[in-house]
Amino acid sequence: MVSNAVSQEFARKVTTEGVTVAEWSFMRALYDEEAVAPSVLAEKMGMTKGAISKLADRLLAKGLVARIESEQDKRAHSLLLSAEGRAKVPVLASLADENDAEYFGVLTMDEREALDRTLKALAARRGLRNIPAD
């Protein structure tokens, strides 16, 4: 219940900024990069190349991502955030922080630390390394 409530509220918040949660995850993954090949991004995000391609196309249409064609191989390209996309990432990150504060701010510090330890242990034991993005 908590996971669904947190996720649904965050999805509602990012929708007001014109993106989906998956698009936000994609943009956040690009934020620390100059330009990255879709295959590298797929590996980083734990997604298929096809899923990355679909997200890239949606973000290209919104003007939030740019595509750079390779000079050496005309079939290859890299992706990077556009100026508008780069400016939007901190806004979306603020919404994520706000959402976390709304849901987890009601816990005491000890409760938050216990929850954090428990979730990290669960992620480690299940081998979770990537943020799911649909």
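Structure: above.
Bear in mind the structure is a predicted one, so any value in this text is a computation, not a measurement.

Before going further, it helps to spend a moment on the nonpolar core. In terms of nonpolar packing, the biggest core is built from 26 residues, with Phe-26, Met-27, Leu-30 and Leu-41 touching the most fellow members. Put simply, the parts of the chain that give this core at least two residues each are helix H1 (2-15), helix H2 (21-31), helix H3 (38-45), helix H4 (49-61), strand S2 (77-81) and helix H5 (83-104). Counting residues per element, this core draws most heavily on H2, at six residues. In this structure, Met-27 is in contact with Val-19, Leu-59, Leu-64, Leu-81, Gly-85, Lys-88, Val-89 and Leu-92, ignoring residues within four places of it in sequence.

This paragraph deals with the environment of Tyr-31. Following the sequence through the fold, Tyr-31 ends up in helix H2. Distance from Tyr-31 to Leu-81, taken between C-alpha atoms, is 6.9 Å for residues 50 residues apart in sequence. Here Tyr-31 is in contact with Leu-81, Arg-86, Val-89 and Pro-90, once residues within four sequence places are set aside.

Once that is clear, we can look at helix H6 (residues 109-126). With 18 residues, H6 extends 26 Å between its outermost C-alpha atoms, agreeing within 8% with the 26 Å of an ideal straight helix rising 1.5 Å per residue. The first or second residue beyond H6 is Gly-127, which carries a positive phi of 70°.

Now for the packing of aromatic side chains. One pass over the full model with this rule turns up one aromatic pair. Ring centres of Phe-10 and Trp-24 lie 6.5 Å apart, and the angle between their planes is 70°; this geometry places the pair in the edge-to-face category. Residue Phe-10 is found in helix H1, and its partner Trp-24 is found in helix H2; the two are separated by 14 residues along the sequence. With respect to burial, Phe-10 and Trp-24 carry one shared label: buried. Seen from the ring of Tyr-31, Arg-86 lies directly overhead, with NZ or CZ sitting 5.0 Å from the centre.

A separate point is H3. Within the span of H3, buried status applies to Pro-38, Leu-41, Ala-42 and Met-45. For H3, the buried positions fall inside an angular range of 105° around the axis, keeping them on one side. Close packing links the buried residues of H3 with H2, H4 and S2. Just downstream of H3 lies Gly-46, where phi reads positive at about 70°.

This paragraph deals with the environment of Ala-22. Secondary-structure assignment places Ala-22 in helix H2. Take Ala-22: its relative accessible area is 3%, and that puts it in the buried class. Ala-22 sits 38 residues away from Leu-60 along the chain, and the two C-alpha atoms are 14 Å apart.

About the cut-offs
- Residues numbered from 1 in each chain as written.
- Predicted model: local features only at pLDDT ≥ 70, side-chain atom pairs only at ≥ 80, totals over all residues.
- Heavy atoms only, no water.
- Core = buried A, V, L, I, M, F, W, Y, C linked by side-chain atoms within 4.5 Å.
- Buried < 20%, exposed > 50% of the residue type's maximum accessible area, 1.4 Å probe, protein only.
- Helix = DSSP H or I, 4+ residues; strand = E, 2+ residues; numbered from the N terminus.
- Contact = heavy atoms within 4.5 Å.
- Expected span 1.5 Å × (residues − 1).
- Phe/Tyr/Trp six-rings, centres within 6.5 Å; stacked < 30°, edge-to-face > 60°.
- Lys NZ or Arg CZ within 6 Å of the ring centre and 35° of its normal.
- Arc of directions from axis to C-beta.

Keep in mind that these numbers describe shape and distance, not what the molecule does.
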